[in-house]
Amino acid sequence: RRLWQASAAANPAHDYLAAKRLHAHALREHRGELLVPLLNTAGELVNLQRIGADGGKRFLFGGQVLGAFHLLGQVEPGRRLFVCEGWATGATLFEYYEGADAVACAMNAGNLRPVAQALRAKYGSLIELVIAGDDDRLSDGNPGRTAADAAALATGAMVVFPEWPAGAPLELSDFNDLHCWDAAHDR
């Protein structure tokens, strides 16, 4: 909490934000690292993810990760709540995808299910839960797709994946990759 409170608003021109073509969305910055606050379902700050200019990501030692998430927007009854892996994917959904009223960023594939279950337990059928999965097409077993499908099945949620246009490289795996590729190709 001290680190979060002592940090300034993120520089909108931070290298990571520029590379991902995203706004800072109230992130903070400390010594050149973006700080992404992770919350529990009670809204308490339980950890920070630090993102370097090169995209390297680390959590604070000893902080909660399992079941914790970063929230973009506000959860409202009757509205959609997307759950995705990383912050860049979540910010992309929030900024550019119609119907992404709020997005919970689980930070990794292994945390999709715990976050989705925690949010379903808190909000029940008051929200339309949507898992926005990564499509790790080049990885054995496609862990992003596998984890997203499991989270959706466990919580009765819908699941969506990026729709790859013809010519899109196989290295692309998430909604931010697609957004950046589209922008670079004037699509």
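Residues numbered from 1 in each chain as written. Predicted model: local features only at pLDDT ≥ 70, side-chain atom pairs only at ≥ 80, totals over all residues. Heavy atoms only, no water.

Colleague: Break down helix H6 (residues 175–184) for me, with residues and values.
Modeller: Within H6, 8 of the 10 residues are buried, which leaves the element mostly enclosed by the surrounding structure. Where H6 is concerned, the buried positions are Phe 175, Asn 176, Asp 177, Leu 178, His 179, Cys 180, Trp 181 and Asp 182. Tucked inside the fold, the buried residues of H6 contact helix H2 (15–20), helix H3 (87–96), strand E9 (128–132) and strand E10 (158–160). Its side-chain oxygen 2.9 Å from the backbone nitrogen of Asn 176, Asp 174 forms the N-cap of H6. One or two steps after H6, the chain reaches Asp 186, where phi turns positive at roughly 50°. (Buried < 20%, exposed > 50% of the residue type's maximum accessible area, 1.4 Å probe, protein only. Helix = DSSP H or I, 4+ residues; strand = E, 2+ residues; numbered from the N terminus. Contact = heavy atoms within 4.5 Å. Polar contact = N/O pair within 3.5 Å; in protein donor to acceptor, adjacent residues only side chain to side chain.)

Colleague: Describe the sheet that holds strand E4 (residues 45–51), listing the residues and the values that go with them.
Modeller: Read from one edge of the open sheet, 5 strands run E1-E2-E3-E4-E5, paired in antiparallel fashion. The open sheet is flanked by strand E1 (8–9) and strand E5 (57–59), the only strands paired with a single partner. As defined by bridge partners, E1 adjoins strand E2 (residues 28–30) across 2 bridges and the pair is classed as antiparallel. In the strand pairing of E2, Ala 9 is matched with Arg 28. (Pairing = 2+ DSSP bridges.)

Colleague: Just give me the short version of the side chain of Asp 134, but keep the residues and values in it.
Modeller: By the secondary structure assignment, Asp 134 is in the loop between E9 and helix H5 (143–155). One buried charged residue, Asp 134, forms no salt bridge at all, with the nearest opposite charge on Lys 57 at 9.3 Å. (Lys, Arg positive; Asp, Glu negative; His and termini not counted. Salt bridge = Lys/Arg side-chain N within 4 Å of Asp/Glu carboxyl O.)

Colleague: Any chance you could break down unusual backbone geometry for me, citing the residues and the numbers?
Modeller: If you check the backbone angles, Met 107 has positive phi at about 80° while not being a glycine. Mapping Met 107 onto the fold places it in the loop between strand E8 (102–105) and helix H4 (112–123). Backbone geometry at Asn 142 places phi at a positive 40°, although glycine is not the residue there. Inspection of the secondary structure assignment puts Asn 142 in the loop between E9 and H5.

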